[in-house]
Amino acid sequence: MAAVGRTSLEVLTTVVAERWNTPGEERQIARAFLTFVAVDATGTPRAVPRLVLKTETDNALNKEAVSHRQGRVRTPRG
């Protein structure tokens, strides 16, 4: 998990691929932050627990996710 909001989670997802004829050689082909919203049985958004950042890597990923979220939230939808 990269970041949490009041009711949402930002999760970094990385997709890797390997050629069929050279097993073991992986390369990244996609990377994206996926946003999930916690909802209850009636579909109402629910609060999520706070994220505990334990390492410098956690902090760096969180900073990137928060920046990504801010850019997404500011972008007008058409």
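Just so it is clear, the model here is predicted, and its values are computed rather than measured.

**Description of the overall build of the protein chain**
When helices and strands are tallied, the protein chain shows 1 helix and 3 strands. Reading the protein chain from its N terminus to its C terminus gives the helix and strand order β-β-β-α. For 78 residues, the compact-globule estimate of 2.2 N^0.38 gives 12 Å, and the protein chain exceeds it by more than 25% at 16 Å. If one aligns the C-alpha atoms of the protein chain with their principal axes, the spans along those axes are about 50 × 35 × 30 Å. Going through the 78 residues of the protein chain one by one, you find that 12% of them count as buried. Counting contacts in the protein chain only where the partners sit at least 6 residues apart, residues at least 24 apart contribute 51% of the total. As displayed, the protein chain offers around 6400 Å² of accessible surface, 53% of which is attributable to carbon and sulfur atoms. Both charge centroids of the protein chain, one from 12 positive and one from 8 negative side chains, sit 11 Å from each other.

**Quick notes on the confidence of the model for the protein chain**
Per-residue confidence for the protein chain gives a mean pLDDT of 89; residues scoring 70 or more make up 92%. Element-level pLDDT for the protein chain is lowest in helix α1 (residues 56-74), with a mean of 85, against a maximum mean of 94 in strand β3 (residues 26-37).

**What about the sheet that holds β3?**
Spatially, 3 strands are ordered β1-β2-β3 in an open sheet, and the strand pairing comes out antiparallel. Each edge of the open sheet carries a strand with a single partner, namely β1 (3-4) and β3.

**Regarding the pattern of salt bridges**
In the structure shown here, the tally under the stated rule is 1 salt bridge. The closest approach of N and O atoms between Glu64 and Arg31, which form a salt bridge, is 2.8 Å. In this pair, Glu64 is assigned in helix α1 and Arg31 in strand β3, connecting sequence segments 33 residues apart. For Glu64, a relative accessible area of 32% gives the class partly exposed.

**Structural notes on the side chain of Asn62**
Assignment of secondary structure puts Asn62 in helix α1. Look at Asn62 and you get buried, because its relative accessible area is 19%. Not counting the four nearest positions on each side in its chain, Asn62 is found in contact with Ala2, Ala3, Leu51 and Leu53.

Criteria and cut-off values
Residues numbered from 1 in each chain as written. Predicted model: local features only at pLDDT ≥ 70, side-chain atom pairs only at ≥ 80, totals over all residues. Heavy atoms only, no water. Helix = DSSP H or I, 4+ residues; strand = E, 2+ residues; numbered from the N terminus. Rg over C-alpha atoms; globule rule 2.2 N^0.38 Å. Buried < 20%, exposed > 50% of the residue type's maximum accessible area, 1.4 Å probe, protein only. Contact = heavy atoms within 4.5 Å. Areas by Shrake-Rupley, 256 points an atom, 1.4 Å probe, with all protein chains shown as cover. Lys, Arg positive; Asp, Glu negative; His and termini not counted. Charge placed at Lys NZ, Arg CZ, Asp CG, Glu CD. pLDDT = per-residue confidence, 0-100. Pairing = 2+ DSSP bridges. Salt bridge = Lys/Arg side-chain N within 4 Å of Asp/Glu carboxyl O.

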